[in-house]
Amino acid sequence: MSYRIPQTPPVIKPRDEVVEQPLWSVMVPTYNCSHYLKETLRSVLLQAEGKAKMQIAVIDDCSTDDDVEAIVNDIGQGRVEFFRQPQNAGSLRNFETCINKARGEWVHILHGDDVVKPGFYAEIEELFTNNPTAGAAFTSLSDIDERGNVISSFRTVQNNKGIIEDWLLKIARNQFIQVCAIVVKRHVYEDLGSFYAVHYGEDWEMWARIASKYPVAYSPRDLASYRVHSNNISARWLATGQNIRDIKTVINIIQTYLPAEKRKELKDISRRNFAGYFSENAHKIYGIHKNRVIALNQAWGALQLHFNKITLKRLLKLYSIVLRDYLQKGKLKLS
């Protein structure tokens with residue numbers, strides 16, 4: 001497990017000076033998301049410039065749901081590179097491979113089920129051009145369901161384009177970014193290393209790590225879409241509460257990036273924010289999937305993350321709903 005989840009940030013090697021170095025590297029990690037891959041690649045190819053400026057590559061972690069290379073060849077027509085891991089390495093190691101294989105100055109990791117909207121790359125390029133000190137840049141985004149319908153939009157970080165003021169203090173409070181919406185300069189990954197420590201929340205830790213060392217630029221334009229799957233309910237980390245334990249780990253890591261006088265305050269705020277999210281999500285899980293074990297585990301874990309009136313009230317309410325449904329089901333069986 002330690003190999004799959006590195007305990008320290010994996011090293012990102014400098015680019016090979018001999019090979020061609022484009023401005024962009026769009027790296028698409030995939031694992032059993034072949035149903036969406038065509039849409040993902042099309043969203044990039046529609047706004048991609050030539051190979052000299054943009055590298056596009058799919059890095060597959062031994063998918064078993066389809067022939068990923070055949071999909072890449074069909075959609076890419078020679079424009080998209082393909083690499084398959086020799087064995088399943090896990091998402092963190094696959095990200096590491098993506099970054100190490102990126103030849104471009106700017107690295108965009110785009111999951112194989114997410115999409116970018118027209119204008120995304122032009123917007124990021126403008127942000128980097130106008131804010132040359134930025135180590136990363138991102139746009140606003142939306143959550144979409146399996147059919148591509150918009151579920152919700154992310155909260156706007158600021159109304160204007162440009163460097164975000166006090167970004168470290170803001171990102172330490174909550175997660176404002178999905179991987180599909182952010183582009184990181186490769187030298188930043190070379191300086192700070194790749195994703196590590198946890199399976200859930202590893203990206204939040206990375207954005208905070210970057211914010212502790214580099215300015216970050218932002219555009220309020222909604223130019224990316226993050227795919228939310230209904231089958232996420234069956235994920236092991238939800239059933240066991242590992243997602244909440246991982247968030248605790250990330251919060252503790254982020255403390256080390258913060259000014260000493262801000263740590264206690266921001267730790268409490270971040271734990272409260274995530275506890276609220278997990279307790280609310282517990283009700284959604286039960287309402288949609290009727291999985292009382294996972295829902296109650298999430299609600300109880302939220303209360304342990306941050307004990308307050310809201311998390312306590314939601315846990316007690318969920319218990320009452322589950323008990324009511326259990327009793328009603330018993331009555332139906334007897335009738």
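Everything numeric here is computed off the predicted structure, so don't read it as measured data.

1. A look at the packing of helix H9 (residues 242–255) against helix H11 (residues 292–305)
For step 1, the next point in the chain: Close contact between H9 and H11 brings their axes to 9 Å; oriented N to C, the two are set at 20 degrees. The pairing of H9 with H11 is recorded here as roughly parallel in orientation. Along this stretch, H9 crosses H11, giving a crossing that reads as right-handed. Contacts between H9 and H11 involve Asn243, Ile244 and Lys248 on the former and, on the latter, Gln298, Gly301, Ala302 and Leu305.
For step 2, the next point in the chain: Split into classes, the residues belonging to the contact of H9 with H11 amount to three nonpolar, three polar and one charged.

2. Side note on unusual backbone geometry
In terms of backbone geometry, most residues other than glycine have negative phi values and most peptide bonds are trans.
For step 1, the next point in the chain: With a phi close to 55 degrees, aspartate 166 is a non-glycine residue in the positive phi region.
For step 2, the next point in the chain: In this fold, aspartate 166 is placed in the loop between strand E8 (162–163) and helix H5 (167–171).
For step 3, the next point in the chain: When its relative accessible area of 47% is taken as the criterion, aspartate 166 is described as partly exposed.
For step 4, the next point in the chain: Residue alanine 197 is not a glycine yet carries a positive backbone phi of 80 degrees.
For step 5, the next point in the chain: Assessed through its relative accessible area of 19%, alanine 197 is described here as buried.

3. Side note on the pairing of strand E6 (residues 136–144)
For step 1, the next point in the chain: Taking burial as the measure, the nine residues of E6 include nine buried ones, the bulk of the element.
For step 2, the next point in the chain: Bridge count for E6 against strand E9 (residues 182–185) is three bridges, and the pairing is antiparallel. Pairing of phenylalanine 138 across the sheet is with isoleucine 182, part of E9.
For step 3, the next point in the chain: Of the pairings in the sheet, the one linking E6 to strand E10 (residues 216–227) comprises eight bridges and is parallel in character. What sits directly across from isoleucine 144, in E10, is arginine 227.
For step 4, the next point in the chain: The pairing of E6 with strand E7 (residues 150–153) spans three bridges and is antiparallel. Residue pairing for E7: serine 142 is matched across the bridge by serine 153.

4. Thoughts on a nonpolar patch on the surface
For step 1, the next point in the chain: Together, Phe307, Leu312, Leu316 and Tyr319 give the surface a local cluster of nonpolar side chains, amounting to about 410 Å² of exposed area.
For step 2, the next point in the chain: Along the chain, the position of leucine 312 falls in helix H12 (residues 309–334).
For step 3, the next point in the chain: Taking the relative accessible area as the measure of exposure, leucine 312 reaches 30% and is therefore partly exposed.

Rules used throughout
- Residues numbered from 1 in each chain as written.
- Predicted model: local features only at pLDDT ≥ 70, side-chain atom pairs only at ≥ 80, totals over all residues.
- Heavy atoms only, no water.
- Axes fitted to C-alpha atoms, helices over the stretch in contact; angles between N-to-C directions.
- Helix = DSSP H or I, 4+ residues; strand = E, 2+ residues; numbered from the N terminus.
- Parallel < 35°, antiparallel > 145°, perpendicular 65-115°, else oblique.
- Left-handed = near helix turned anticlockwise from the far one by under 90°.
- Contact = heavy atoms within 4.5 Å.
- Nonpolar A, V, L, I, M, F, W, Y, C, P; charged D, E, K, R; others polar.
- Buried < 20%, exposed > 50% of the residue type's maximum accessible area, 1.4 Å probe, protein only.
- Pairing = 2+ DSSP bridges.
- Patch = residues over 30% accessible without salt bridge, like charges linked within 9 Å, V, L, I, M, F, W, Y side chains within 5 Å.
- Areas by Shrake-Rupley, 256 points an atom, 1.4 Å probe, with all protein chains shown as cover.
- Salt bridge = Lys/Arg side-chain N within 4 Å of Asp/Glu carboxyl O.

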